[in-house]
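Coordinates in review
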Amino acid sequence: MVDILPRPSFLGDMGDHSKKKSGIAMCVGCGSQIHDQYILRVSPDLEWHAACLKCAECSQYLDETCTCFVRDGKIYCKRDYVRLFGIKCAKCNIGFCSSDLVMRARDNVYHMECFRCSVCSRHLLPGDGFSLREEELLCRADHGLLMERASAGSPISPGNIHSNRPLHIPAYKYSVRLCVTA
């Protein structure tokens, strides 16, 4: 959030040149002194001219009416920050709304609708068993078929579970339970 602060010495030091230079506000955006009546402050120590505080991505001017974010020394509006740095669905690569229910598998987060077996497209629901192999979700049935084919000497990848083309697959198994978070 942006705070608008009256410059404490704006009226008090007009003509008093004995003030120390260390008390002068410097704009983070342009590097110049801020002589304006109001200073825009982002986080505890970043001060800006009103004309300098804008999103690094879309150049939208930011003020006390909007939320802004600081990352790697750059200021972003909420929309661009979420688009660039927000968590995205591991399947569709689209971000989440605060009201979305999500499914998690290890470090991956999915929309409820995207949480499907990558082989048969079966929608996986809370309580269903599944595995995660090479970043691909597998329902219990397709995981079983995969293990059966692998033990028969035909290692295959999840994307080709119903083909006869042999491919290398790691020998470890993931067995994770679904969890729903808000």
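Residues numbered from 1 in each chain as written. Predicted model: local features only at pLDDT ≥ 70, side-chain atom pairs only at ≥ 80, totals over all residues. Heavy atoms only, no water.

- Per an unreviewed UniProt entry, the protein is named LIM zinc-binding domain-containing protein, and its organism is Sinocyclocheilus rhinocerous.
- According to its UniProt record, the protein has this under Subcellular location (unreviewed entry): "Nucleus". (UniProt positions renumbered as here; feature names shortened; annotations may be inferred.)

Observations concerning the overall build of the protein
- Of regular secondary structure, the protein possesses two helices and 11 strands.
- Order of helices (α) and strands (β) in the protein, N terminus to C terminus: β-β-β-β-β-α-β-β-β-β-α-β-β.
- In the protein, which comprises 182 residues, the share counted as buried stands at 30%.
- Considering only residue pairs separated by 6 or more positions, the protein has 34% of its internal contacts joining residues 24 or more positions apart.
- Surface exposure of the protein reaches about 11,300 Å², of which carbon and sulfur atoms provide 53%. (Helix = DSSP H or I, 4+ residues; strand = E, 2+ residues; numbered from the N terminus. Buried < 20%, exposed > 50% of the residue type's maximum accessible area, 1.4 Å probe, protein only. Contact = heavy atoms within 4.5 Å. Areas by Shrake-Rupley, 256 points an atom, 1.4 Å probe, with all protein chains shown as cover.)

Let's talk about the environment of Cys 114
- Here Cys 114 is to be found in the loop between strand 7 (108-111) and strand 8 (129-133).
- Cys 114 gets classed as buried once you look at its relative accessible area, which sits at 14%.
- Linking Cys 114 and Lys 91, residues 23 residues apart in sequence, is a C-alpha distance of 6.1 Å.
- Aside from chain neighbours lying at most four places away, what touches Cys 114 is Cys 89, Lys 91 and Cys 92.

With respect to the nonpolar core
- In this structure, Ala 105, Tyr 110, Phe 115, Leu 124, Phe 130 and Leu 137 are the most contacted members of the largest nonpolar core, which totals 17 residues.
- Counting 16 residues, the second-largest nonpolar core is a separate cluster that includes Ala 25, Trp 48, Cys 77 and Tyr 81. (Core = buried A, V, L, I, M, F, W, Y, C linked by side-chain atoms within 4.5 Å.)

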